[in-house]
Every structure is written in C-alpha cells, then in structure tokens.
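Coordinate analysis (summary)
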Amino acid sequence: MKTKIFLNLPVKDLNRAVAFYNELGFSTNPKFTNEKGACIVIDENIFVMLLVEEFYKTFTQKQICDAATTSEVLISISLDSREQVDEMIEKAIKAGGVDYIPAKDYGWMYQRTFLDMDNHHWEIFYMDESQIPEM
C-alpha cells in the first residue's frame, strides 16, 4: 500500500469549507464525509480532512489555535505551471479566500499564497527543478 497523507484541519462551517475547496477544483470523497467532517481529495494520495471544531477536539487535548492570528501550519501544493498557480489563486479568491502574500518569483520557483475560509495558510507554487541554482 502506498503512503497517503491526511491533513486534518478544524473548520467552523463544514458546508462552507467543502464548497470552498470544491470551487478550487478538488472533489469530496463521500465515503469519508458526514456531518462531522469531509474528505477533500487533493491528489491520489493526498487528502484534507475538514473537521468541525467540536469533532476535531476529540483527536487532541490541545486547544485549537485562532488561525487568523496564529500560524499553525504552512500547507504547500506544487502545480505544473505558473498559469495553474495563478488560476488556483483566482479560484480561491472567487470562492471567498484571501490573496494573502504578494507573488514571489525566484526564477526557478513561482509562489503565491491564499488563506481559506478558516484562515488556514496555503502556499501554491510551480518549481522548475532543472533551473535551481547550484549552492
């Protein structure tokens, strides 16, 4: 079995969060979705579990941070082109997300950032590994 990554994020409004990620072009796996949480399919082996805050709390003894004021995690996704990066950011904005940090262009890597409906920090980037400068 291949290793799969399940990123678990607390959300205030599950339906709104699911709609946001569906607007970005990601599907929802109904097999792992109910009124407490939803499984968003990022790729074949990468998933985001959106868990309503009360349900999320059953998995930890820690407090849920306020992602609007505290950095909890930086989630990064690579795409196949600069154009796809820009398209993803535009979809995020249209769906209610925030274009958070101005684009960064390093020549070999192009990066943009958005915040989702619950202020989770997403870094979307394109990287041409053949252009990475030698150290």
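Calculation rules
- Residues numbered from 1 in each chain as written.
- Predicted model: local features only at pLDDT ≥ 70, side-chain atom pairs only at ≥ 80, totals over all residues.
- Heavy atoms only, no water.
- Pairing = 2+ DSSP bridges.
- Helix = DSSP H or I, 4+ residues; strand = E, 2+ residues; numbered from the N terminus.
- Axes fitted to C-alpha atoms, helices over the stretch in contact; angles between N-to-C directions.
- Contact = heavy atoms within 4.5 Å.
- Salt bridge = Lys/Arg side-chain N within 4 Å of Asp/Glu carboxyl O.
- Buried < 20%, exposed > 50% of the residue type's maximum accessible area, 1.4 Å probe, protein only.

What follows covers the sheet that holds strand β5 (residues 74-78). Pairing between the strands of a sheet comes from backbone hydrogen bonds, and it takes one of two forms, parallel or antiparallel. Pairing within the open sheet is mixed, and its 4 strands lie in the order β5-β8-β7-β6. At either end of the open sheet lies a strand with only one pairing partner, and these are β5 and β6 (98-105). The sheet shows a mean angle of 20 degrees between the axes of neighbouring strands, direction not considered. Alignment of strand β7 (residues 109-115) against strand β8 (residues 121-127), held across 7 bridges, turns out to be antiparallel. Its bridge partner being in β8, Arg-112 is matched across the sheet by Ile-124. Lying over the sheet, helix α3 (residues 82-94) contacts β6, β7 and β8, oriented at roughly 10 degrees with respect to β7.

A full pass over the atoms with the stated rule returns 5 salt bridges. Note that Glu-53 is salt-bridged to Lys-12, the shortest N-O span being 3.0 Å. Of this pair, Glu-53 sits in helix α2 (residues 53-56) while Lys-12 sits in the loop between β1 (5-11) and α1 (14-23), and the two are 41 residues apart along the sequence. For Glu-53, a relative accessible area of 24% corresponds to the partly exposed category. As a salt-bridge pair, Lys-57 and Glu-54 come within 3.3 Å of each other at their nearest N and O atoms.

What follows is about the environment of Met-49. Locating Met-49 in the fold gives a position in strand β4 (residues 46-52). Given the relative accessible area of 13%, Met-49 is considered buried. Spatially, the C-alpha atoms of Met-49 and Ile-5 are 10 Å apart, while their sequence positions differ by 44 residues. If we ignore the near neighbours within four places in the chain, the residues touching Met-49 are Phe-6, Leu-7, Asn-8, Leu-9, Phe-32, Ala-38 and Cys-39.

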